[in-house]
Amino acid sequence: MILRYDGTFAGFLTSVSLARERGLEPEAIADREPEQQGLFATVETVATSRDRADELYRLIRHTLTPGAMQTFRYAFQSCEPGREILLFRYLQLGLATGAQFGAMLAHEAVIPVWKLARAVGREAHRYKGLVRFQHLEGDIWYAAMEPDHCILPLIAPHFAARFADQRWIIHDRRRGEAVAFDPRHQKWAATPLELTATLPCTAGEEFFRELWQRYFDRLAIAERRNPKLQRQNLPLKHRRHLPEFEQ
Amino acid sequence: MPKLTLAEKLEILADGAKYDVSCASSGSSRRNKGGIGNGAQCGICHSWTADGRCVSLLKILLTNACIYDCAYCVNRRSNDTRRVILTPAEVAELTIGFYRRNAIEGLFLSTGVVKDPDHTMELLIEATRILREEHRFNGYIHVKVVPGADLLLVERLGRLADRVSVNMELPSRESLKLLAPDKSREAIVAPMKRVGELIVQTKEERKVSRKIPPFAPAGQSTQLIIGASGESDLQIVSLAAGLYGRLAMKRVYYSAFIPVNIDSRLPSVIGTPPLVREHRLYQADWLMRYYGFAAGELLDEERPNLDLTLDPKAGWALRNLHIFPLEVNRAPLELLLRVPGIGVRSAQRIAGARRGGHLSLDDLARLGVVMKRARYFVTARGRFAADLAPDAAGLRARLTERTTPRPRWNQPSLFDAAAAIDIQSTITGEL
């Protein structure tokens with residue numbers, strides 16, 4: 001059995017809830033048609049049920065420690081194909097073992113999920129520094145990024161607290177999604193977004209961009225030059241939207 | 001002289017500030033109270049320069065003009081460089097401009113000494129005050145204390161900043177006298193002591209009432225230049241241990257000496273700065289702050305300098321082979337932390353995971369232990385992973401041996417006769 005869900009967290013929880021009810025482990029849980037269909041696997045499309053999802057979520061929150069809960073949430077934001085079945089096994093073990101679960105750090109069902117969560121957590125932390133806003137006409141602060149994982153909901157609260165007086169948008173260009181923050185209501189919301197035109201920057205933006213580039217170029221100490229270390233700390237894939245690396 | 005643009009001024013002032021290696025933006029969780037910015041407890045890096053160092057704060061000087069003539073300093077009086085100064089308001093505006101773009105975590109403000117220490121301090125305080133009060137900026141601010149300034153000014157600065165620091169630069173009184181004759185050890189230590197007292201005192205007061213404004217919530221730090229004077233690593237590490245212990249210092253930075261001036265009092269350094277020595281000192285520093293090592297365990301009178309070929313933890317382990325191998329399922333956390341290849345996180349994960357069941361050697365690798373080093377020092381369920389007992393003579397060689405880089409493969413050219421034969425044999429499998 002392959003369960004196909006809509007890609008949302010609630011949809012995933014609904015799928016887990018269904019599988020648990022039937023008492024069997026699905027071959028896969030995925031948000032798109034599997035590329036290679038198993039000969040005998042049947043694909044079942046799961047309709048997201050808010051009630052089912054809520055019920056399971058309450059049970060998970062009640063059973064898992066806060067640390068295990070965060071691992072679970074972060075790992076779900078990963079874009080690794082096949083993550084859902086790992087998360088399913090993780091939950092099954094957690095719900096079956098209860099209080100013991102917190103100490104099962106070396107268990108084979110825990111390690112892969114922990115690794116996913118760690119990768120997502122690291123990337124989210126990194127992007128708190130790498131998101132760069134441009135000041136656009138109309139007093140909007142716009143930032144583009146192309147992260148590996150779906151980290152927008154993880155970093156939005158950080159920027160909402162920090163730039164509470166700016167109208168800002170962070171745009172995940174890889175996924176065509178964005179979060180937008182409204183300072184009047186102090187709320188951020190996710191929205192699909194595709195760019196159709198070039199963005200009109202303010203004059204101040206050009207000024208600060210040049211200022212930053214010239215400042216940045218002076219910072220390295222020539223005697224300590226070490227581009228390998230620089231690449232290790234800041235891989236090329238993260239430099240695409242940083243003004244200091246613009247050619 | 002033609003008037004300089006802001007960009008040109010910024011370049012000159014960045015040039016003057018970049019030799020200060022302090023980069024941390026951690027330790028303060030200042031909240032955004034109806035303005036802009038906040039402190040991230042863990043600190044955030046925003047970029048990395050071509051020397052591999054991170055950019056976290058806008059690191060600039062208020063001015064590179066200075067009345068002092070310290071031998072090692074790029075901004076010393078006798079250097080023929082262009083002197084510029086920013087107004088406190090300009091510093092604040094630059095900070096806000098970069099901060100709103102999320103290019104920085106905040107400001108690192110240092111300065112040359114103009115007129116006298118008190119006047120200079122007042123300029124630094126004014127820049128900080130404008131940021132906090134007029135721009136309602138709650139991001140991270142690290143400001144240098146000018147040695148010799150009035151202690152009341154030091155207190156005012158600490159109430160506004162997240163971190164303050166006085167750079168010791170030279171590890172001994174004698175070196176200071178030789179290389180920085182205008183600064184006395186007392187003028188450096190007095191504000192450090194006062195800052196230390198105020199940090200401890202304010203923390204106590206804030207336990208009673210949160211209304212009392214914090215004093216340098218991210219603590220104080222200092223910097224030592226490595227290799228400009230003749231001190232041994234033992235002297236440096238002992239000094240650092242004293243600073244951590246007595247003055248409630250949060251960080252000591254080590255900066256490999258880079259000759260920016262020609263001066264007969266300075267050692268003539270040829271080639272690269274002592275970067276490996278600097279790296280080993282940082283490792284020793286980490287061992288003292290996070291791993292429970294005392295300075296005396298890492299170095300002593302007989303071996304006053306750190307081994308450049310071996311990290312100090314492995315060095316300690318080789319001198320204390322009698323406690324190894326440790327059984328990871330039983331050893332207390334303090335001892336796990338002393339195993340080469342086990343870091344703070346993996347030690348904690350081991351301690352957590354062994355509550356759930358006996359750990360095997362395979363589990364250790366999965367928990368993040370670097371088995372390449374740890375294998376010689378641990379057992380799991382009584383099993384030992386290495387082919388070499390920890391008292392074997394070859395252990396030191398194993399731990400220092402460098403992995404040779406793999407040979408690089410070149411794309412063979414189809415039209416190169418010799419290569420063509422290779423390709424032929426690759427395709428057919430014949431030699």
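The structure displayed is predicted, hence computed values, not measured ones. (Residues numbered from 1 in each chain as written. Chains lettered and ligands numbered in written order. Predicted model: local features only at pLDDT ≥ 70, side-chain atom pairs only at ≥ 80, totals over all residues. Heavy atoms only, no water.)

Draft legend 1. Highlighting the packing of helix H1 (residues 9–22) of chain A against helix H2 (residues 50–63) of chain A. Residues and elements named next belong to chain A. Between H1 and H2, the shortest axis-to-axis distance is 8 Å and the interhelical angle comes to 80°. What the angle tells us is that H1 and H2 run roughly perpendicular. Here Phe9, Ala10, Leu13, Thr14, Val16, Ser17, Leu18, Arg20 and Glu21 of H1 come into contact with H2, specifically with Arg50, Arg52, Ala53, Leu56, Tyr57, Leu59 and Ile60. (Axes fitted to C-alpha atoms, helices over the stretch in contact; angles between N-to-C directions. Helix = DSSP H or I, 4+ residues; strand = E, 2+ residues; numbered from the N terminus. Parallel < 35°, antiparallel > 145°, perpendicular 65-115°, else oblique. Contact = heavy atoms within 4.5 Å.)

Draft legend 2. Representation of helix H8 (residues 275–290) of chain B. Residue and element names in this part refer to chain B. An ideal rise of 1.5 Å per residue puts 22 Å on 16 residues; H8 measures up with 22 Å between its terminal C-alpha atoms. Residues Arg277, Glu278, Arg280, Leu281, Tyr282, Ala284, Asp285, Leu287 and Met288 constitute the buried set of H8. Those residues of H8 hidden inside the fold are in contact with strand S7 (220–226), helix H7 (233–246), strand S8 (249–256), helix H9 (295–298) and helix H10 (312–319). Positive phi shows up at Gly292, right after H8, with a value of about 75°. (Expected span 1.5 Å × (residues − 1). Buried < 20%, exposed > 50% of the residue type's maximum accessible area, 1.4 Å probe, protein only.)

Draft legend 3. Local environment of the side chain of Gln230 of chain A. Mapped onto the secondary structure, Gln230 of chain A falls in helix H8 (residues 227–233). Gln230 of chain A gets classed as buried once you look at its relative accessible area, which sits at 8%. A polar contact is formed between the side chain of Gln230 of chain A and the backbone oxygen of Thr49 of chain B, at a distance of 3.5 Å. In this structure, Gln230 of chain A is in contact with Arg239 and Phe245 of chain A together with Trp48, Thr49, Ala50 and Gly52 of chain B, ignoring residues within four places of it in sequence. (Polar contact = N/O pair within 3.5 Å; in protein donor to acceptor, adjacent residues only side chain to side chain.)

Draft legend 4. Just the interface of chain A and chain B, in detail. Facing the 48 residues of chain A at the interface are 59 residues of chain B. Both sides together, the interface formed by chain A and chain B hides about 4,800 Å², and carbon and sulfur atoms give 58% of it. Looking at the side of chain A facing chain B, the largest losses of area belong to Arg162, Arg218 and Arg224 of chain A, adding up to 17% of the total buried there. At the boundary of chain A with chain B, the tally comes to seven salt bridges. Arg224 of chain A is paired through a salt bridge with Glu278 of chain B; the nearest N and O atoms lie 2.7 Å apart. Inspection of the region where chain A meets chain B yields 27 residue pairs in polar contact (both at pLDDT 80 or more). Within the residue set of the side of chain A that touches chain B, elements represented by two or more residues are helix H5 (111–130), helix H6 (152–162), helix H7 (203–219) and H8 of chain A. Considering each element in turn, the side of chain A that touches chain B owes the most residues, eleven residues, to H7 of chain A. Residues belonging to the side of chain A that touches chain B are distributed by class as follows: 26 nonpolar, ten polar and twelve charged. (Buried area = accessible area lost by both parts, 1.4 Å probe. Salt bridge = Lys/Arg side-chain N within 4 Å of Asp/Glu carboxyl O. Nonpolar A, V, L, I, M, F, W, Y, C, P; charged D, E, K, R; others polar.)

Draft legend 5. Looking closely at the pairing of strand S5 (residues 140–144) of chain B. Residues and elements named next belong to chain B. With five of its five residues buried, S5 lies for the most part within the structure. Both faces of S5 are covered, namely the face carrying Tyr140, His142 and Lys144 and the face carrying Ile141 and Val143. The pairing of strand S4 (residues 106–110) with S5 spans four bridges and is classified as parallel. Opposite Leu107, over in S5, you have Ile141 as the bridge partner. Judged from the three bridges that link them, S5 and strand S6 (residues 163–165) form a sheet pairing that is parallel. If you follow His142 over to S6, its bridge partner there is Arg163. The handedness of the S5 to S6 crossover, carried by helix H4 (residues 151–160), is right-handed. (Pairing = 2+ DSSP bridges. Right-handed = clockwise from strand over helix to strand, strands pointing away.)

Draft legend 6. Examining unusual backbone geometry more closely. All names here are of chain B. The peptide bond linking Phe324 to Pro325 adopts the cis configuration, its omega dihedral lying at -5°. Position of Pro325 relative to the elements: it lies in the loop between H10 and strand S9 (326–327). One non-glycine residue, Glu169, lies in positive phi territory at about 60°. Relative to the helices and strands, Glu169 is located in the loop between S6 and helix H5 (173–179). On the basis of relative accessible area, Glu169 is assigned to the buried category, the value being 10%. Phi is positive for Ala216, close to 40°, though the residue is something other than glycine.

Draft legend 7. Structural view of the packing of H5 of chain A against H6 of chain A. Residues and elements named next belong to chain A. At a minimum axis separation of 9 Å, H5 and H6 run at an interaxial angle of 30°. Comparing the axis directions of H5 and H6 gives the class roughly parallel. Helix-helix and strand crossings are classified by hand; for H5 and H6 the assignment is right-handed. Between H5 and H6, the contacting residues are Val120, Ala124, Tyr127 and Lys128 on the first element and Leu154, Ile155, His158 and Phe159 on the second. Of the residues assigned to the contact of H5 with H6, the class counts are six nonpolar, one polar and one charged. (Left-handed = near helix turned anticlockwise from the far one by under 90°.)

Draft legend 8. Just the UniProt feature "domain: Radical SAM core" (unreviewed entry) in chain B, in detail. UniProt records the feature "domain: Radical SAM core" (unreviewed entry) for residues 61–197 of chain B in the present numbering. Secondary structure across residues 61–197 of chain B divides into 45% helix and 10% strand, with the first and last C-alpha atoms of the span separated by 27 Å. (UniProt positions renumbered as here; feature names shortened; annotations may be inferred.)

Draft legend 9. Structural context of the pattern of salt bridges. Throughout the structure, instances matching the rule amount to 42 salt bridges over all chains. In this structure, the salt-bridge partner of Asp20 of chain B is Lys144 of chain B, at a minimum N-O distance of 3.2 Å. Taken together, the positions of Asp20 of chain B in the loop between helix H1 (6–17) and strand S1 (47–48) and Lys144 of chain B in strand S5 put the pair 124 residues apart, joining distant regions of the chain. Looking at Asp20 of chain B, the relative accessible area reads 9%, which means it is buried. Of the charged contacts in the structure, one is a salt bridge between Arg30 of chain B and Asp162 of chain B, with a shortest N-O distance of 2.9 Å. Remark: Asp162 of chain B occurs in the loop between H4 and S6 and Arg30 of chain B occurs in the loop between H1 and S1; sequence separation between them is 132 residues. One exposure class covers both Arg30 of chain B and Asp162 of chain B, and it is buried. Each of Glu210, Arg214 and Arg218 of chain A together with Glu11, Asp15 and Lys18 of chain B takes part in a single network of salt bridges with overlapping partners.

Draft legend 10. A look at the environment of Glu44 of chain A. Checked against the element boundaries, Glu44 of chain A lands in strand S3 (residues 43–45). Residues within four places of Glu44 of chain A in sequence aside, it is in contact with Met1, Ile2, Leu3, Arg4 and Arg22 of chain A.

Draft legend 11. Seen up close, the side chain of Thr14 of chain A. Residues and elements named next belong to chain A. Note on placement: Thr14 falls in helix H1. For Thr14, a relative accessible area of 1% translates into the label buried. Contacts of Thr14, omitting those with residues within four sequence positions, involve Val46, Ala47, Thr48, Ser49, Arg52 and Ala53.

Draft legend 12. Quick peek at the nonpolar core. If you look at the biggest cluster of nonpolar residues, it comprises 160 residues, and the most contacted ones within it are Trp168 of chain A together with Phe98 of chain B. The residues contacting Trp168 of chain A, other than those within four sequence positions of it, are Phe133, Trp141, Ala156, Phe159, Ala160, Phe163, Val179, Ala180, Phe181 and Trp188 of chain A. In terms of nonpolar packing, the next biggest core, distinct from the first, is built from 35 residues, Leu64, Met69, Ala75 and Leu87 of chain A among them. (Core = buried A, V, L, I, M, F, W, Y, C linked by side-chain atoms within 4.5 Å.)

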